[in-house]
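This is what each chain is made of:
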Amino acid sequence: MLCALLLATAGLLHAVAGHGGVSNYTVGGTWYRGYNPSDPAEWQDGQPWLINRKWTSINPIGDPMDPAIACNTPGTPAVSSIPIRAGENITAVYYYWLHNVGPMITWMASCNGPCSQTKPNSLSWFKIAERGHISGTIVEGWWFQRDFQDWTGKPCNWTETIPKSLKSGEYLIRHEIIALHIPNSPQFYPECAHLVVSGHGTKMPSKKYLGSFPGIWSMNDTQININIYSDENKNKTSYPIPGPPVWTG
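Criteria and thresholds
- Residues numbered from 1 in each chain as written.
- Predicted model: local features only at pLDDT ≥ 70, side-chain atom pairs only at ≥ 80, totals over all residues.
- Heavy atoms only, no water.
- Buried < 20%, exposed > 50% of the residue type's maximum accessible area, 1.4 Å probe, protein only.
- Helix = DSSP H or I, 4+ residues; strand = E, 2+ residues; numbered from the N terminus.
- Pairing = 2+ DSSP bridges.
- Salt bridge = Lys/Arg side-chain N within 4 Å of Asp/Glu carboxyl O.
- Disulfide = S-S within 2.5 Å.
- Contact = heavy atoms within 4.5 Å.
- pLDDT = per-residue confidence, 0-100.

Caption draft 1: Examining the pairing of strand β9 (residues 156-161) more closely. The two faces of β9 differ: C156, W158 and E160 on one face are buried, but N157, T159 and T161 on the other face are not. In this structure, strand β4 (residues 89-94) lies alongside β9, joined through 6 bridges in antiparallel fashion. By the bridge assignment, I90 is partnered in β9 with E160.

See below:
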């Protein structure tokens, strides 16, 4: 299943309607299978290979105050975790992505113990990376979402680095794409996976880097509740990504 092949398949294209999510992850050359909403639940629920929280629909979350915005619906815990060293890269693999306007943000949260016993709405989340508008106007210009798309027949890959100084422990990692192509109707696409971070790091982010889901996003935020096509916005050449600053360690 490759990005271009999927897009060329008319029936599937109709089904996905431009939506998508994290299908798999890779770390250090090792491939980790994720949950697939298109496959029967009985093939996946409780399987020892499952490393991300269950998500049952490729449709976006439209309400930033929906509890599902943390780790999608239903967001139930994974069975296993991805082992990763602080300072190592993790790649989220999407088999398709059609939208091209809006930020892409990678978050982490300490589970303060086993992630299998953690509710994501109770955690303190921090950004480890964010990618957004690159050049031109926010309507006609270039966003990282365009770079992320792959039309050559390969999957769409999103790679970020776990901060090298991060304290060892169990964490959730959350990849979130926010699509802003519909006026005043942001679309949130979050998925979460379980990580076990190792290394010699001792640091954790301070309060100014932290937030909760729901809570970080609001329809009162003009960078979230935005009409990019309005006279006020269409010729802007920058888009400040909202939320707390990125913590790099």
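So that's the structure; there's more coming.
Caption draft 2: Spatial organisation of the pattern of salt bridges. Scanning all chains against the criterion turns up 7 salt bridges. R85 is paired through a salt bridge with E88; the nearest N and O atoms lie 3.8 Å apart. Since its relative accessible area comes to 16%, E88 is described here as buried. K127 is the salt-bridge partner of E130, the closest N and O atoms lying 2.7 Å from each other. Residue E130 is classed as partly exposed on the basis of its relative accessible area, which comes to 31%.

Caption draft 3: The state of the cysteines, seen in detail. Following the criterion strictly, the structure yields 2 disulfides and no others. A disulfide bridge connects C71 with C192, and the sulfur atoms are separated by 2.1 Å. Taking the sign of the torsion about the S-S bond as the criterion, the disulfide between C71 and C192, at about -90 degrees, is left-handed. Within this pair, whereas C71 is found in the loop between β2 (30-33) and β3 (82-85), its partner C192 is found in strand β11 (residues 187-198), the two being separated by 121 residues in sequence. No difference in accessibility class separates C71 from C192, as the two residues are buried. Two residues share a disulfide in this structure: C111 and C115, whose sulfurs sit 2.0 Å from each other. An S-S torsion of about 95 degrees defines the bridge between C111 and C115 as right-handed. Its relative accessible area of 0% is what places C115 among the buried residues. Across the protein, the way the bonded cysteines pair up, counted in sequence order, is 1-4, 2-3.

Caption draft 4: Looking closely at the sheet that holds strand β6 (residues 125-131). Across the sheet, 6 strands lie side by side as β3-β11-β10-β5-β6-β12; this open sheet has mixed pairing. One side of each edge strand has no neighbouring strand; the edge strands of this open sheet are β3 and β12 (210-211). With 4 bridges joining them, β3 and β11 adopt parallel strand pairing. Residue pairing in the sheet places R85 in a bridge with S198 of β11.

Caption draft 5: Main features of the pairing of β4. Of all 6 residues in β4, 5 are buried, a share of seventy percent or more. Relative to β4, strand β1 (residues 24-27) runs antiparallel, the two sharing 3 bridges. From the neighbouring strand, T26 faces β4, where its bridge partner is T91.

Caption draft 6: Just the environment of M204, in detail. Along the chain, the position of M204 falls in the loop between β11 and β12. On the basis of relative accessible area, M204 is assigned to the partly exposed category, the value being 37%. Separated by 145 residues in the primary sequence, M204 and N59 have C-alpha atoms spaced 33 Å apart. Not counting residues up to four positions away in its chain, the partners in contact with M204 are S110, L166, K167, Y171 and W247.

Caption draft 7: Region of interest: the confidence of the model for the protein. Within the protein, residue pLDDT values average 91, and 92% of them lie at 70 or more. Of the regions scoring below 50 in pLDDT, residues 1-17 engages in 29 contacts with residues more than four places distant in sequence or in other chains.

Caption draft 8: Geometry of unusual backbone geometry. The omega torsion of the bond from T73 to P74 falls at 0 degrees, within 30 degrees of zero and hence cis. Here P74 is to be found in the loop between β2 and β3. Note that the residue after F213, namely P214, is joined by a cis bond; omega there is -5 degrees. As for its placement among the helices and strands, P214 is situated in the segment after β12. Residues other than glycine seldom take positive phi values, yet N112 does so here, at roughly 55 degrees. Tracing the backbone shows N112 in the loop between β5 (104-110) and β6. Owing to a relative accessible area of 68%, N112 belongs among the exposed residues under this scheme.

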